[in-house]
Amino acid sequence: MGVSGCGKSTLGALLAEALDCVFLEGDAFHSPEAVEKMRAGRPLTDEDRWPWLDRLGAAADQAVEDRGQAIVACSALRFVYRDRLRRAIGAPARFVLLEASRENLWARLESRPGHYMPASLLDSQLATLEAPLAGEKAVVLTSNQAPEILRDIILSQLRSE
């Protein structure tokens, strides 16, 4: 989880490969209308996000049912979004928040060719982001390390549980 440009997709793909499980890219579950809204520089509302979270949660639930586990890359910026995903997934869900400085995120977004999410929406995402609560048992990592190092940290924590 985290704002656009924090490295969710890269890390998620590495984790799914290491765990030999399904990787679900949250961006692929947005409606065409939501994508166009973001492309136009307009932030999504909760009403835009609910159906997206429901589709993503259902896909994650199915992947867990089929394969035992899944990795999902998704912003999950607010507690209510994470809670909605948890309820949709019929198995325990863990969240990893990738943090980075605004400057680092901006640079990543500016250098990402062909993505619909403009850097101009970064500040609205940062304003929406709610840090995980203590009871969520989320892992919080700074994404200024190599993705492979972040993957190994997460795998080590999963193995120690």
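Please read these numbers as outputs of a predicted model, since none were measured by experiment.

Some words on the overall build of the protein chain
Secondary structure summary: the protein chain contains seven helices and four strands in total. Ordered by position from the N terminus, the helices and strands of the protein chain form the series α-β-α-α-β-α-β-α-α-β-α. Relative to the globule expectation of 15 Å for 161 residues, the C-alpha radius of gyration of the protein chain, 15 Å, shows essentially globular dimensions. By residue count, 39% of the 161 residues in the protein chain fall in the buried class. Taking as baseline every contact in the protein chain between residues at least 6 positions apart, the subset at least 24 positions apart corresponds to 74%. Put simply, the protein chain shows about 8,300 Å² of open surface, and 53% of that area lies on carbon and sulfur atoms. Averaging the positions of the 19 positive and the 23 negative side-chain charges in the protein chain gives two centres separated by 2 Å.

Section: helix 2 (residues 32–39)
For an α-helix, the turn length of 3.6 residues means that residues three or four places apart are oriented alike. Listed in full, the buried residues belonging to helix 2 are Ala34, Val35, Lys37 and Met38. Looking straight down helix 2, one finds its buried side chains confined to an arc of 160°; they lie on one side. Seen from the open side of helix 2, the exposed residues pointing more than 90 degrees away from its buried face are Pro32 and Glu33. In the stretch just after helix 2, glycine 41 is the one whose phi turns positive, near 85°.

Section: helix 3 (residues 46–67)
For helix 3, spanning 22 residues, the distance from its first C-alpha to its last is 30 Å, which sits close to the expected 32 Å at 1.5 Å a residue. Of all the positions in helix 3, only Arg49, Trp52, Leu53, Leu56, Gly57, Ala60, Ala63 and Val64 are classed as buried. Along the axis of helix 3, the buried residues cluster in a sector spanning 140°; they form a single face. Every exposed residue of helix 3 that faces more than 90 degrees away from the buried side is listed here: Glu47, Glu65 and Asp66. The inward-facing, buried residues of helix 3 contact strand 1 (22–25), strand 2 (70–73) and helix 4 (79–88). One or two residues past the end of helix 3 sits glycine 68, with phi positive at roughly 95°.

Some details on the side chain of serine 143
As for its position among the elements, serine 143 is in the loop between strand 4 (139–142) and helix 7 (147–159). Of the residues examined, serine 143 reaches a relative accessible area of 5% and is grouped as buried. Each residue touching serine 143, except ones within four places of it in the same chain, is listed here: Cys6, Leu98, Glu99, Ala100, Arg108 and Leu150.

About the criteria used
Residues numbered from 1 in each chain as written. Predicted model: local features only at pLDDT ≥ 70, side-chain atom pairs only at ≥ 80, totals over all residues. Heavy atoms only, no water. Helix = DSSP H or I, 4+ residues; strand = E, 2+ residues; numbered from the N terminus. Rg over C-alpha atoms; globule rule 2.2 N^0.38 Å. Buried < 20%, exposed > 50% of the residue type's maximum accessible area, 1.4 Å probe, protein only. Contact = heavy atoms within 4.5 Å. Areas by Shrake-Rupley, 256 points an atom, 1.4 Å probe, with all protein chains shown as cover. Lys, Arg positive; Asp, Glu negative; His and termini not counted. Charge placed at Lys NZ, Arg CZ, Asp CG, Glu CD. Arc of directions from axis to C-beta. Expected span 1.5 Å × (residues − 1).

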